[in-house]
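Per-entry structural report
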Amino acid sequence: MSTQVKFLNGLNTIGGNVVTFTNQQTRLIMDFGVNFAPTTTPATDLLNDGTLPNLPSLFQNMQSDLKSTIFVSHLHLDHMGALRYLTSPTDVYMSQNSADLYQVLINLGVEHAPYAKVKVIDYEKPINFGPFEVTFFETDHDIRGASVIRVSDGKHIFVHSGDVRLDGSHPERVEHWADVLHDNKIDLFLLEGTEFSFENQNDEFVRQTEQSLQIDFANIIKETEKLVVVNPYERNIDRLLALQNTAHENGRKFLWDHRFTVILRSMGIKNVQEIDWLKVMSEPSHYVVQNRFDQLHDLDQFDKQFVYLHMNGEPLGEYDPRFSELSTYLETRNVALQLMGASGHAKPDDLVALAQHVNAKQTVPWHSFKPEKEASELVSAGLNVYLPTKGEILNYN
Ligand SMILES: [Zn+2]
């Protein structure tokens with residue numbers, strides 16, 4: 001029987017990319033994100049306007065002849081944000097680290113997906129679904145538990161890269177799965193292309209890494225007598241742990257808000273302390289404090305005497321109206337908004353080298369505002385590239 005590969009979403013956006021693999025009565029779906037979906041909008045509207053992937057049976061409780069299973073490469077909203085809209089109970093496979101983090105977020109009420117039946121798939125332990133075999137490989141992205149997903153129908157091999165970088169803390173994971181896939185002689189490689197969306201992303205002076213971020217953070221701690229405030233993303237557990245370690249090594253205590261405290265303790269991080277503002281007020285120079293945008297006004301009491309380091313927390317960028325609110329708040333207090341993020345996505349040059357290493361029979365660039373730019377560089381590197389359109393089906397006989 002043949003396998004149909006259908007591209008449902010995310011072909012020229014960052015995230016929200018969804019592909020299905022269907023053979024006989026089995027349908028595998030990966031990932032399951034949305035780009036942006038206000039929670040008050042009904043699922044039917046989001047389905048009709050194309051925000052949700054075109055899978056009505058999963059969102060409208062309709063009967064389907066197909067047995068659907070969802071796979072999530074990692075726990076970023078643009079890869080799993082549609083789970084909350086499910087209306088029929090569906091198995092959702094993810095790595096152990098993803099499942100652990102997801103459970104904490106559900107307990108906190110940050111996530112809510114009553115119809116997602118979460119199941120763990122171990123790395124490099126294939127599981128069969130009808131005629132398919134699915135294997136997860138551990139990769140490197142700015143979230144724990146991030147995975148690459150390989151699908152085989154016994155005759156063809158398809159791979160979804162998820163999100164990936166090569167200058168993170170674990171390039172060896174990426175090298176490993178690229179080696180395996182190279183040997184597998186895979187048919188189709190779906191490769192993210194986030195950094196092709198922007199200019200100058202190969203430039204070493206522009207590019208921050210997790211490692212350089214910690215060095216800069218340490219230097220700021222050493223140079224200032226003021227309270228240091230950081231705004232990181234709560235799902236990047238490894239960065240949070242590194243920040244706490246850097247603070248401790250440089251003689252400062254690190255304090256977290258309640259939500260971060262619960263998340264970090266649940267993920268097994270030791271010495272996690274919750275904010276006590278009285279202590280911080282008495283000796284601001286002894287502390288680093290994490291602050292979420294929702295609690296920005298906790299900083300009112302510091303009378304302009306703090307340093308603010310924005311580290312990929314919300315609001316992420318200028319497209320979010322809260323970003324100008326944040327800028328204005330800091331500006332009126334004469335506090336500089338210092339951007340100290342690091343990307344979870346590979347540099348364009350690294351993506352091309354990765355695609356060459358894997359050397360699939362066909363490579364599909366997606367998860368990018370400029371997939372055609374990625375495509376032309378991959379073609380120049382000698383690869384066979386295809387740019388599908390939304391809803392297009394490729395048949396593998
Ligand atoms: Zn991601």
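Definitions and limits used
Residues numbered from 1 in each chain as written. Predicted model: local features only at pLDDT ≥ 70, side-chain atom pairs only at ≥ 80, totals over all residues. Heavy atoms only, no water. Salt bridge = Lys/Arg side-chain N within 4 Å of Asp/Glu carboxyl O. Helix = DSSP H or I, 4+ residues; strand = E, 2+ residues; numbered from the N terminus. Buried < 20%, exposed > 50% of the residue type's maximum accessible area, 1.4 Å probe, protein only. Pairing = 2+ DSSP bridges.

As named in an unreviewed UniProt entry, the protein chain is Ribonuclease J, taken from Leuconostoc suionicum.

1. Re the pattern of salt bridges
For the coordinates displayed, the defined rule picks out 18 salt bridges. Here Glu138 ties to Arg173 by a salt bridge, and the two come within 3.6 Å at their closest N and O atoms. On the criterion of sequence distance, the pair formed by Glu138 in strand β8 (residues 132-138) and Arg173 in helix α5 (residues 171-184) is long-range, its members being 35 residues apart. Residue Glu138 is classed as partly exposed on the basis of its relative accessible area of 27%. The salt bridge partner of Arg259 is Glu234, with a shortest N-O separation of 3.0 Å. Of this pair, Arg259 sits in helix α8 (residues 258-266) while Glu234 sits in the loop between β12 (227-232) and α7 (237-249), and the two are 25 residues apart along the sequence. What makes Glu234 buried here is its relative accessible area of 7%. When salt bridges that share partners are traced, they join Asp140, Arg165, Glu210 and Arg239 into one network.

2. Concerning the pairing of strand β9 (residues 147-152)
Within β9, six of the six residues are buried, leaving the element largely enclosed by the surrounding structure. Of the two faces of β9, the one carrying Ser147, Ile149 and Val151 and the one carrying Val148, Arg150 and Ser152 are both buried. Of the strand pairs in this sheet, β8 and β9 are connected by six bridges, and their pairing is antiparallel. Across the sheet, Phe137 pairs through a bridge with Val148, a residue of β9. Across four bridges, β9 lies against strand β10 (residues 157-160) in antiparallel orientation. Paired with Ser152 across the strands is Ile157, a residue of β10. Taking the residues that link successive antiparallel strands as the turn, the β9-β10 hairpin has four residues, and the phi of Gly154 there is positive, at about 95°.

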